[in-house]
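Residue-level listing of the chains:
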Amino acid sequence: MGNNRRVHRVLFLFALFLGGCRYTFLPLVPEAAPPPKTVLIEAELTEGEGVVRAVLRVRRVPEPGYLELRWYRGERPLWEGARFVEGGETLTLELPKEGTGPYRLEVRWQGERVLVRLLGAPTPPKATPPEWKGN
């Protein structure tokens, strides 16, 4: 008889334990979370006669604000500007082109660089670096 009571107590405690855990895992599928507060921009660069056309598709920004745009040839800045965006829009820019060489478009949101697009290939150094001479 004492053994039966002990078994019943253990089963009762086990049932209480499982009953307490059951509510921890419900609901099985969480509610949909809001989208992250990130900037999503696509950019396409095409060369023209003396200009480079940049098409920026602004898919998502956390809030309306200004995109800072910087256009470089190598390390030298050629153009800077800012455009107000709210998201879901397309911007088209005509950027200056001075000969061949590597160009870079940087897009910043609230001071943070969010996109870099390159055009052209960098030129190799004229002198061989010392660490390459041994190879």
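As the structure is a prediction and not an experimental result, all values here were calculated from the model.

Enquirer: Looking at this model, I keep getting lost on the packing of aromatic side chains. Mind explaining?
Expert: The geometry of two aromatic rings is summed up by the distance between their centres and the angle between their planes. Tallied over the entire structure, the rule returns two aromatic pairs. A centroid spacing of 5.2 Å and a plane angle of 70° characterise the contact between Y66 and F84, whose relative ring orientation is edge-to-face. A residue pair is termed long-range when its members are at least 10 positions apart, and Y66 in strand β3 (residues 65–73) and F84 in strand β4 (residues 76–85) qualify at 18 residues. Ring geometry for W71 versus Y103: centroids 5.3 Å apart, planes at 10°, classification stacked.

Enquirer: Would you mind going over the sheet that holds strand β5 (residues 89–96) with me for this structure?
Expert: Sheet strands associate in pairs through backbone hydrogen bonding, adopting either a parallel or an antiparallel arrangement. Pairing within the open sheet is antiparallel, and its three strands lie in the order β1-β2-β5. Strands with a single pairing partner mark the edges of an open sheet, and in this sheet they are β1 (40–47) and β5. If you compare each strand with its neighbour and ignore which way they point, the axes differ by 20° on average. When β1 meets strand β2 (residues 51–60), the two strands line up antiparallel, connected through eight bridges. The residue of β2 that forms the bridge with I41 is V58.

Enquirer: So what exactly am I meant to see when it comes to a nonpolar patch on the surface here?
Expert: A surface patch of nonpolar side chains, amounting to about 340 Å² of accessible area, comprises F12, L13 and L16. By secondary structure assignment, the location of F12 is in helix α1 (residues 2–22).

Enquirer: Help me understand the nonpolar core in this model?
Expert: Within soluble globular proteins, side chains that are nonpolar tend to cluster in buried spots. One finds L56, L67, W71, L105 and V107 to be the most contacted residues of the largest nonpolar core, which totals 22 residues. Residue assignment for this core shows that the elements contributing at least two residues are β1, β2, β3, β4, β5, β6 (103–109) and β7 (112–119). In contact with L56, other than residues within four places in its own chain, are I41, E42, A43, L69, E89, T90, L91, L93, L105, V107 and L115.

Enquirer: Would you explain the side chain of E106 in this entry?
Expert: Counting through the fold element by element, E106 comes out in strand β6. Taking relative accessible area as the criterion, E106 reaches 4% and is therefore assigned buried. E106 has contacts with E68, L69, R70, Y72, R113, L115 and V116, leaving out every residue within four places of it along the chain.

Enquirer: How do you make sense of the confidence of the model for the protein chain when you look at a structure like this?
Expert: Fine structural detail should not be taken from predicted coordinates in areas where pLDDT scores are low. For the protein chain, mean pLDDT is 85; residues scoring 70 or higher make up 84% of the total. At the low end of the mean pLDDT range in the protein chain sits helix α2 (residues 130–133), at 67; at the high end sits β3, at 96.

Enquirer: Would you mind showing me how to read the environment of E44 here?
Expert: Relative to the helices and strands, E44 is located in strand β1. Given a relative accessible area of 39%, E44 falls into the partly exposed group. Along the primary structure E44 and R117 are separated by 73 residues, whereas in three dimensions their C-alpha atoms are 7.8 Å apart. Residues contacting E44, with those up to four places away along its chain left out, are R53, A54, V55 and R57.

The rules behind each value
- Residues numbered from 1 in each chain as written.
- Predicted model: local features only at pLDDT ≥ 70, side-chain atom pairs only at ≥ 80, totals over all residues.
- Heavy atoms only, no water.
- Phe/Tyr/Trp six-rings, centres within 6.5 Å; stacked < 30°, edge-to-face > 60°.
- Helix = DSSP H or I, 4+ residues; strand = E, 2+ residues; numbered from the N terminus.
- Pairing = 2+ DSSP bridges.
- Axes fitted to C-alpha atoms, helices over the stretch in contact; angles between N-to-C directions.
- Patch = residues over 30% accessible without salt bridge, like charges linked within 9 Å, V, L, I, M, F, W, Y side chains within 5 Å.
- Areas by Shrake-Rupley, 256 points an atom, 1.4 Å probe, with all protein chains shown as cover.
- Salt bridge = Lys/Arg side-chain N within 4 Å of Asp/Glu carboxyl O.
- Core = buried A, V, L, I, M, F, W, Y, C linked by side-chain atoms within 4.5 Å.
- Buried < 20%, exposed > 50% of the residue type's maximum accessible area, 1.4 Å probe, protein only.
- Contact = heavy atoms within 4.5 Å.
- pLDDT = per-residue confidence, 0-100.

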